[in-house]
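# Reading the structure
Each chain, written out:
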Amino acid sequence: MAIALPLLFGGCQPEPALLREARKATLVHEMRDALLASVEAEKSAVLAVTDEESHAFAEESRKRTGEMTRLQESLQGLVTADGRPGEIEKLAAFDTVWGELRDVDQRLLALAVANSNLKAAWLAAGDSARTLDRLVDALAAVEAATSDAALLRDLSAAAVAALRIHTALAPHIASPDDAEMTRMEEQIRTRGDIVKRALDAAREHGPTAAAAQVADATAAWGDYQRLTADVLRLSRLNTNVRSVDVSLHEKRRVTAACREALTALLEQIHARANPTR
């Protein structure tokens, strides 16, 4: 009867070594899958064109990262319990680059969901463009009411300057270079001075019959200046441009390092399970 006890209570026996190695190898494979899924969701968050999509993909990436962390903790328990120096060393190497990747992801996903460049582009193409139309129409109405040659030149120059301001917004939004953006802003200010001088001249020398149109142009210019300032502020944050840069460089590097570390760990596990290889 005593001989049969080990068979009846098999749970008291140590887990077979090959089964433990298989469990560890399975965890590594699952970690690789979770890593790739997290990276795919992160790329989608960076490339998304709406806030809703960006937030959804960023949340998916974080979910996969959490899954990765849980798998790593399970693997850590098995590797620590077995106490094999090679596996401990390879897992520690992975933990180092995995911590680096999580730090990169934290910054990257925060940039991706901010969408400052997209918001700047939407504002420039929407409210800002409509306000520009108001300004140009009001300037044209003042031109139609005056025969003063000097004032006509000023008003025409103002309309051109305002349009050139607007054409500078798109390259400003797309630029990754602070110095280049500063140069563009200086040009915008110079062109803004042209508009201001024309409106001052219209108030001083314009025909009384066009007073309402001058007031409309002045109000539209004030609104356009405020909207332009918002566009430039959002553009300066450059979160979309920066997130693409981080994704293409830092994230790619640490992702490759994580995959290499997992491959090295898996090879170490297989080497132990197949010592004659």
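For the structure, check the block above.
Just so you know, these numbers come straight off a predicted model, no measurement behind them.

Proximity of charged atoms lets side chains of opposite charge pair with each other. Per the counting criterion, the structure on display carries 23 salt bridges. With a shortest N-O distance of 2.9 Å, R236 and E185 are connected by a salt bridge. With R236 in helix α8 (residues 211–237) and E185 in helix α7 (residues 178–205), this residue pair connects regions lying 51 residues apart in the sequence. Residue class for R236 comes out partly exposed when judged on its relative accessible area of 29%.

A separate point is the nonpolar core. In this structure, L35, M68, L75 and F94 are the most contacted members of the largest nonpolar core, which totals 34 residues. What M68 contacts, discounting residues up to four positions off in sequence, is M31, A34, L35, F94, W98 and L262. Of all hydrophobic cores here, the second largest spans 33 residues; its members include L155, A202, A217 and L234.

So, on to the environment of V195. Mapped onto the elements, V195 comes out in helix α7. In this structure, the C-alpha to C-alpha distance between V195 and A158, residues 37 residues apart in sequence, is 4.4 Å. Other than its neighbours up to four places away in sequence, V195 contacts A158, A161, A162 and W221.

With 32 residues, helix α3 (residues 51–82) ought to run about 46 Å at 1.5 Å a step, and its terminal C-alpha atoms sit 47 Å apart, in line with that. Taken as a whole, α3 has its buried residues at S54, A58, S61, T65, M68, T69, L71, Q72, L75, L78 and V79. Taken from the residues just after α3, G83 is the one with a positive phi, measuring 65°.

Working definition: an aromatic ring pair is given by the centre-to-centre distance plus the angle between the planes. In total, this model carries two aromatic pairs according to the counting rule given. Considering the side-chain rings of F94 and W98, the 6.1 Å spacing of their centres and the 10° angle between planes classify their relative orientation as stacked. Here F94 and its partner W98 are both found in helix α4 (residues 85–114), four residues apart, which amounts to about one turn of the helix. The class for F94 is buried, based on a relative accessible area of 0%. Since its relative accessible area comes to 3%, W98 is described here as buried. For the ring pair W221 and Y224, a centre distance of 6.2 Å and an interplane angle of 25° mean the geometry is stacked. Linking W221 with Y224, this pair stays in helix α8, spanning three residues, or about one helical turn. Note on W221: relative accessible area 7%, which makes it buried. Judged by relative accessible area, which is 1%, Y224 ranks as buried.

Further remarks concern the packing of helix α6 (residues 149–174) against α8. The contact between α6 and α8 brings their axes to 10 Å, and the two run at 15°. The pairing of α6 with α8 is recorded here as roughly parallel in orientation. By crossing handedness, the relation of α6 to α8 is classed as left-handed. Seen from α6, the contacting residues are A162, I165, H166, L169, H172 and I173; seen from α8, they are W221, Y224, T228, V231, L232, S235 and R236. Residue composition of the contact of α6 with α8, by class: eight nonpolar, four polar and one charged.

Each value, and the rule that gives it
- Residues numbered from 1 in each chain as written.
- Predicted model: local features only at pLDDT ≥ 70, side-chain atom pairs only at ≥ 80, totals over all residues.
- Heavy atoms only, no water.
- Salt bridge = Lys/Arg side-chain N within 4 Å of Asp/Glu carboxyl O.
- Helix = DSSP H or I, 4+ residues; strand = E, 2+ residues; numbered from the N terminus.
- Buried < 20%, exposed > 50% of the residue type's maximum accessible area, 1.4 Å probe, protein only.
- Core = buried A, V, L, I, M, F, W, Y, C linked by side-chain atoms within 4.5 Å.
- Contact = heavy atoms within 4.5 Å.
- Expected span 1.5 Å × (residues − 1).
- Phe/Tyr/Trp six-rings, centres within 6.5 Å; stacked < 30°, edge-to-face > 60°.
- Axes fitted to C-alpha atoms, helices over the stretch in contact; angles between N-to-C directions.
- Parallel < 35°, antiparallel > 145°, perpendicular 65-115°, else oblique.
- Left-handed = near helix turned anticlockwise from the far one by under 90°.
- Nonpolar A, V, L, I, M, F, W, Y, C, P; charged D, E, K, R; others polar.

Function cannot be inferred from these measures alone, as they are strictly geometric.
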